[in-house]
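Report on the structure
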Amino acid sequence: QYTRKIGSLKKALGRSFAMKELRPTKQILGMHIVQDRTQKVLWLSHQKYVTKILERFNMSDAKPGSLVLPTNYRLNAKQCPKGEKENAEMRTVLYASAVDSLMYAMVYTRRDIAFVVGEVNRYMSNPGRQQWVRVKWILRYLKRTLRVCLKYSVGKRMLEGALERPIALG
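What you see is a predicted model, and the numbers here were worked out from it, not measured in a lab.

Thresholds applied
Residues numbered from 1 in each chain as written. Predicted model: local features only at pLDDT ≥ 70, side-chain atom pairs only at ≥ 80, totals over all residues. Heavy atoms only, no water. Helix = DSSP H or I, 4+ residues; strand = E, 2+ residues; numbered from the N terminus. Buried < 20%, exposed > 50% of the residue type's maximum accessible area, 1.4 Å probe, protein only. Contact = heavy atoms within 4.5 Å. Areas by Shrake-Rupley, 256 points an atom, 1.4 Å probe, with all protein chains shown as cover. Phe/Tyr/Trp six-rings, centres within 6.5 Å; stacked < 30°, edge-to-face > 60°. Salt bridge = Lys/Arg side-chain N within 4 Å of Asp/Glu carboxyl O. Axes fitted to C-alpha atoms, helices over the stretch in contact; angles between N-to-C directions. Parallel < 35°, antiparallel > 145°, perpendicular 65-115°, else oblique. Left-handed = near helix turned anticlockwise from the far one by under 90°. Nonpolar A, V, L, I, M, F, W, Y, C, P; charged D, E, K, R; others polar. Patch = residues over 30% accessible without salt bridge, like charges linked within 9 Å, V, L, I, M, F, W, Y side chains within 5 Å. pLDDT = per-residue confidence, 0-100.

**Observations concerning the overall build of the protein chain**
Scanning the protein chain from N- to C-terminus turns up six helices and five strands. A total of 170 residues make up the protein chain; the buried ones form 34% of that total. Across the protein chain, every contact between residues at least 6 apart in sequence was considered, and the portion connecting residues at least 24 apart equals 66%. With an accessible surface of roughly 11,600 Å², the protein chain has 56% of that area assigned to carbon and sulfur atoms.

See below:
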């Protein structure tokens, strides 16, 4: 019955719009998509995208890290640049671009970094050295968790996140 409804919808749309059948989607907007129709599972990954941002910000060879920082490590406005020398130094850093890249990954597949990306996002107008260290910390965490992706499955009303796909995502 479901298949019949889809077929009739396609016919109705085909009368008004030029349409053609495409193969299953494997990639969209930088996301890699893996489907397992027998298990009714869908994985979304930004593995290639994260690899590219690690390369862009010279973090490919960085040591993989943890997202957890020591409890005494907090960002605050006092750490923002105060003098012209500090401002000049931070102008050479691609802080806004790095945070934007992290936000893109966070919104689509990497919900596990939402809190820390929100934290560094607050300092976009005047980032300091400590804020940049935090951004690099997030990039190191992404390097360690490169294969983490979102998993959607039928019958579950809860999104499962931070799960690795059993096979490598090309």
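Moving on, there is more to tell.
**Thoughts on the packing of aromatic side chains**
Following the criterion strictly, the structure yields three aromatic pairs and no others. Ring centres of Tyr104 and Tyr108 lie 5.0 Å apart, and the angle between their planes is 55°; this geometry places the pair in the tilted category. Taken together, the residues span about one helical turn, with Tyr104 and Tyr108 both in helix H4 (residues 95–108) at a distance of four residues. Members of the aromatic cluster, connected to one another through ring pairs, are Tyr49, Tyr104 and Tyr108.

**Details of the pattern of salt bridges**
Following the criterion strictly, the structure yields two salt bridges and no others. Between Arg110 and Asp112 there is a salt bridge, with the nearest N and O atoms lying 2.8 Å from each other. Looking at Arg110, the relative accessible area reads 1%, which means it is buried. Overall, Asp112 belongs to the partly exposed group, its relative accessible area being 26%.

**Details of the packing of H4 against helix H5 (residues 114–121)**
Where H4 meets H5, the closest approach of the two axes is 10 Å, and the angle between their N-to-C directions is 155°. Regarding the angle of H4 to H5, the classification is roughly antiparallel. Between H4 and H5 lies a crossing whose hand is left-handed. Where H4 approaches H5, its residues Tyr95, Val99, Leu102, Met103 and Met106 are matched on the opposing element by Ala114, Val117, Val120 and Asn121. Among the residues making up the contact of H4 with H5, the classes are represented as eight nonpolar, one polar and no charged.

**Remarks on a nonpolar patch on the surface**
Residues Leu9, Leu13, Phe17 and Met19 make up a contiguous nonpolar surface patch of about 400 Å² in total accessible area. Turning to its location among the elements, Leu13 is positioned in helix H1 (residues 2–16). Take Leu13: its relative accessible area is 34%, and that puts it in the partly exposed class.

**With respect to the confidence of the model for the protein chain**
One rule of thumb: low pLDDT means the predicted coordinates there are not for detailed reading. Looking at the protein chain, pLDDT values average 81 and 85% of them are 70 or higher. The lowest-confidence element of the protein chain is strand S5 (residues 160–164), averaging 54 in pLDDT; the highest-confidence one is helix H2 (residues 47–56), averaging 93. Confidence drops under pLDDT 50 across residues 166–170; counting only partners more than four residues distant or on other chains, this segment forms eleven contacts.

**So, unusual backbone geometry**
With a phi angle near 55°, Lys40 is a residue other than glycine that sits in the positive phi range. By the element assignment, Lys40 lies in the loop between strand S2 (31–36) and strand S3 (41–45). Taking relative accessible area as the criterion, Lys40 reaches 51% and is therefore assigned exposed.

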